[in-house]
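# Structural characterization, general
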Amino acid sequence: MQKSYRNILSGSTFSGILLSVLLSVLLLMVLPSAALAAESSSSESAAGAVETKAAAVTHPDGFVKTAKGKQYYKNGVPVKKKWITVKKKKYYFDKKGYMVTGKKTIGKKLCYFSKKGVLTRSINKKGKMVALTYDDGPSVYTPIILSALKKNDGLATFFVVGNRVNQYKKQLKQAYKMGCEIGNHSWDHSNLSKLSASSLRSQLNRTNKAVKKITGKKPVLLRPPYGSSNSTVASNAKMPLILWSIDTLDWKTRSTSATISCIKREVRDGDIILMHDIHKPTAEAAKTIVPWLVDQGYQLVTVSEMAECRGKLKKGTKYYSIRK
Ligand code: ZN
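Described below are features of the structure shown in this document. The shown structure was predicted, so the numbers you read here are calculated from the model rather than taken from an experiment.

Conventions used here
Residues numbered from 1 in each chain as written. Predicted model: local features only at pLDDT ≥ 70, side-chain atom pairs only at ≥ 80, totals over all residues. Helix = DSSP H or I, 4+ residues; strand = E, 2+ residues; numbered from the N terminus. Buried ≥ 20, exposed ≤ 12 C-beta atoms within 10 Å, placed from the backbone. Contact = placed C-beta atoms within 7 Å. Pairing = 2+ DSSP bridges. Axes fitted to C-alpha atoms, helices over the stretch in contact; angles between N-to-C directions. Arc of directions from axis to C-beta. Core = buried A, V, L, I, M, F, W, Y, C linked by C-beta atoms within 7 Å.

### Focus on the overall build of the protein
The helix and strand inventory of the protein stands at 11 helices and 16 strands. Residue burial in the protein is summarised as follows: out of 324 residues, 33% are buried. Relative to all contacts within the protein whose residues are 6 or more apart in sequence, the contacts with residues 24 or more apart total 64%.

This is the structure:
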């Protein structure tokens, strides 16, 4: 006995197995009596015992709808401050155990969830990011850009001209459904700083209404045509004015390679990059520049996403970039 004990201590496999068998047998002997003890204590109140059993039946693992929101039960309790993956879809449950929808910052990440609670997008708030912006569309070339973005998990902002949106409804819907942002670029590309307050308001309202009719969401950002604004524009826009920090001059060069090299040369964190999706060479440039930016570690975000990560935007204020 003394000897086998020493063998166990020295790590003999056989004795190890013997010990674990012995332990298992011991446990088997102890457990039923513990269970009996628990049963006898709960049987003191018959109603209590019934309640415990009922609770176990009502909360098997999985989703449970409550008046306050959806919960997810695991091992009999709702999960809290936790990610859960069901059928390859990711859900998050807050500190009270309720499923998150809409947007929420979790750790370093700004996360977007669908109405059904599925994670649709997450942005590392501490990471590098740029906003690609396309003006004057939508157009037949817009989908070329969308497909490059989709392949690279990127989004862009499209500042659309109101009187074009019905003609290019399909392209606009496609951009919006993907998660791209649709901004206001006036009704007919007028120079807003030359208009009266009432006609500039009408330019912006008509465009917002036309976009909302197609996407269901009113634009919240304005890019004034020609980047031209004055105090009347600022006070009547009721939207932040989004200018740019990189002008690719794509409308002038109409060159895919010049557009690409301009961005490669100038890009830095927080940039708002100006392009136009009515020109085919610009759309073609997206096929190269989008994966290149992602390779450089840039997250391709919408202007509103970048603002959400770095401080909110004010109505009537001009923004050229959104730096850290
Ligand atoms: Zn324009």
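### Topic: the sheet that holds strand β8 (residues 119-124)
What the 3 strands build is an open sheet, ordered β6-β7-β8; its pairing is antiparallel. Looking along the sheet, the strands with just one partner apiece sit at the ends: β6 (102-106) and β8. Between one strand axis and the next, the sheet turns through 20° on average, direction left out of account. Looking at chain direction, β6 and strand β7 (residues 109-113) are connected through 5 bridges and run antiparallel. The residue bridging Lys104 from the neighbouring strand is Cys111, located in β7.

### Considering helix α11 (residues 303-310)
Here α11 has its buried residues at Val303, Ser304, Glu305, Met306 and Cys309. Taken from the residues just after α11, Gly311 is the one with a positive phi, measuring 105°.

### Regarding the environment of Asp277
In this structure, Asp277 sits in the loop between β14 (272-276) and α10 (280-295). Assessed through the 30 C-beta atoms surrounding it within 10 Å, Asp277 is described here as buried. In sequence terms Asp277 and Ile144 are 133 residues apart; their C-alpha atoms lie 9.2 Å from each other. In this structure, Asp277 is in contact with Tyr134, Gly137, Pro138, Ser139, Tyr141, Thr142, Ile145, Phe158, Thr282 and Ala283, ignoring residues within four places of it in sequence.

### What to know about helix α9 (residues 256-266)
Structural remark: α-helix, 3.6 residues per turn; residues separated by three or four positions point the same way. By the burial criterion, the buried members of α9 are Thr256, Thr259, Ile260, Cys262 and Ile263. Projection of α9 onto a plane perpendicular to its axis shows the buried side chains occupying an angular sector of 160°, all on one side. Set apart from the buried face of α9 by more than 90 degrees, the exposed residues are Ser257 and Arg265. On its buried face, α9 is in contact with β13 (246-247), α8 (250-253), β14 and α10.

### Concerning the nonpolar core
One recurring pattern in soluble globular proteins is that nonpolar side chains are buried together. Ala156, Ile273 and Leu300 are the most contacted members of the largest nonpolar core, which totals 57 residues. Sorting elements by how many residues they give to this core places α10 first, with 6 residues. Apart from the residues within four sequence positions on either side, Leu300 is in contact with Val130, Leu132, Leu149, Asn152, Gly154, Leu155, Ala156, Val290, Leu293 and Val294.

### Comments concerning the sheet that holds strand β2 (residues 69-74)
Read from one edge to the other, the open sheet built from 3 strands follows the order β1-β2-β3, with strand pairing classed as antiparallel. The two strands at the open ends of the sheet, each matched to only one other strand, are β1 (62-66) and β3 (77-78). Examined bridge by bridge, β1 and β2 share 5 bridges and lie antiparallel to one another. Pairing of Phe63 across the sheet is with Tyr72, part of β2.

### As for unusual backbone geometry
Pro138 follows Gly137 through a cis peptide bond whose omega is 0°. Within the secondary structure, Pro138 is located in the loop between β9 (129-135) and α4 (142-151). A positive phi angle, near 60°, is found at Asp153, a position not held by glycine. Along the polypeptide, Asp153 turns up in the loop between α4 and β10 (157-160). The class for Asp153 is exposed, based on 12 C-beta atoms found within 10 Å.

### Notes on the pairing of strand β5 (residues 89-93)
Strand direction decides the pairing type here: strand β4 (residues 82-86) and β5, joined by 5 bridges, are antiparallel. By the bridge assignment for β5, Trp83 is matched with Tyr92. Remark: 2 residues form the turn of the hairpin made by β4 and β5, two consecutive strands paired antiparallel; Lys87 in that turn has positive phi of roughly 50°.

By themselves these figures say nothing about function.
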